Amino acid sequence: MSIAENILKVKQRIQKSCLKVGRNPDEVSIVAVTKTVPIEKIKEAINLGITDIGENRVQELLEKKNSIENVRWHFVGHLQTNKVKYIVDFIYLIHSVDSLKLALEIDKRAKKINRVIDILIEVNTSGEETKYGVKPEETIDLVKQISENCKFLRVKGLMTVAAFLPNPEEVRPMFRLLRELKDEIAKLNLKNVEMKHLSMGMSNDFEVAVEEGATLVRIGTAIFGPRN
Ligand SMILES: *Cc1c(COP(=O)(O)O)cnc(C)c1O
């Protein structure tokens, strides 16, 4: 299938999931995850209306950024503190903040260039040790710490990478947990915290994620085909 057909399919599936639970499809944006995808294919997707691009490695992101204009760059992978300086001047949203140490580094770099940076907190909802993310029970505390200590950050919501399970129904509790955490944090009315986004759902589980309230779905394979 072509990229055009794939994007159409993904959009239709998002619409269907929204319809099922009474959500407005306009509340859900696609972040096209382009790791390992060549520039020409990314440009094709952009010509088809994709506006948001996600990468999970700083090096690859920087290489691609030079050839691709007029998109919003999302960082979705694990971010090392020593790499923050390379992306802080242009990144649209960092999805993967999971420690105060990382938040403080982004804040420090942001302050230097007087730019406010939007971030999401990555939560490890599956409990798998191989996954990044703050533990669910430590999430509220981390958001409070960031709110108090990081004047140049805006916490815009939460992100999770669910477990990869053959039946996407089984990941529903993880998405639900993320939504409940978001609602709980929103009630606290913390400074510089606006719980607008739930970044959850990938190619194999985005429909369930949309049903559970995702506002950003991170889609790679379902748009560009399998990665090598
Ligand atoms: C690769 C990746 C995705 C996209 O995965 P697909 O299964 O190809 O849709 C989403 N989020 C993160 C953090 C990723 O690394």
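This is a predicted model, so every value here is computed, not measured.

Peer 1: Got a minute to help me understand the nonpolar core in this structure?
Peer 2: In summary, soluble globular proteins display a tendency toward joint burial of nonpolar side chains. In this structure, Ile106, Ile121, Ile146 and Ile223 are the most contacted members of the largest nonpolar core, which totals 68 residues. Setting aside chain neighbours within four positions, we find Ile121 in contact with His95, Val97, Val134, Thr139, Leu142, Val143, Ile146, Val155, Gly157, Leu158 and Met159. The next biggest cluster of nonpolar side chains, apart from the first, holds five residues, and it includes Val31, Leu93, Met159 and Leu216.

Peer 1: It is not clear to me how the UniProt feature "domain: Alanine racemase N-terminal" (unreviewed entry) in the protein should be interpreted in this structure. Could you clarify?
Peer 2: In the numbering used here, UniProt assigns the "domain: Alanine racemase N-terminal" (unreviewed entry) feature to residues 27–226. A helix fraction of 37% and a strand fraction of 21% characterise residues 27–226, whose end C-alpha atoms lie 27 Å from each other.

Peer 1: Would you mind going over the site of the ligand with me for this structure?
Peer 2: As a matter of local geometry, the ligand sits amid Val33, Lys35, Asn56, Val76, Met202, Ser203, Arg218, Ile219, Gly220, Thr221 and Arg227. Contacts to the ligand include Lys35, whose side-chain N or O atom sits 2.6 Å from an oxygen atom. With respect to the ligand, the side chain of Arg218 contributes an N or O atom lying 2.9 Å from a nitrogen atom. Isolated, the ligand exposes 380 Å² of accessible area, and the fraction of that covered by the protein chains is 90%. Cavity membership is defined here by more than half of the atoms lying within 2 Å of grid points; on that basis the ligand lies in the largest pocket. Partitioning the shell around the ligand into residue classes produces four nonpolar, four polar and three charged.

Here is what the cut-offs are and how they apply
Residues numbered from 1 in each chain as written. Predicted model: local features only at pLDDT ≥ 70, side-chain atom pairs only at ≥ 80, totals over all residues. Heavy atoms only, no water. Core = buried A, V, L, I, M, F, W, Y, C linked by side-chain atoms within 4.5 Å. Buried < 20%, exposed > 50% of the residue type's maximum accessible area, 1.4 Å probe, protein only. Contact = heavy atoms within 4.5 Å. UniProt positions renumbered as here; feature names shortened; annotations may be inferred. Helix = DSSP H or I, 4+ residues; strand = E, 2+ residues; numbered from the N terminus. Near = heavy atom within 4 Å. Polar contact = N/O pair within 3.5 Å; in protein donor to acceptor, adjacent residues only side chain to side chain. Areas by Shrake-Rupley, 256 points an atom, 1.4 Å probe, with all protein chains shown as cover. 1 Å grid on protein atoms, 1.4 Å probe; cavity = no way out; pocket = protein on both sides within 12 Å on 5 of 7 lines; lining within 4 Å. Sits in = over half its atoms within 2 Å of the grid points. Nonpolar A, V, L, I, M, F, W, Y, C, P; charged D, E, K, R; others polar.

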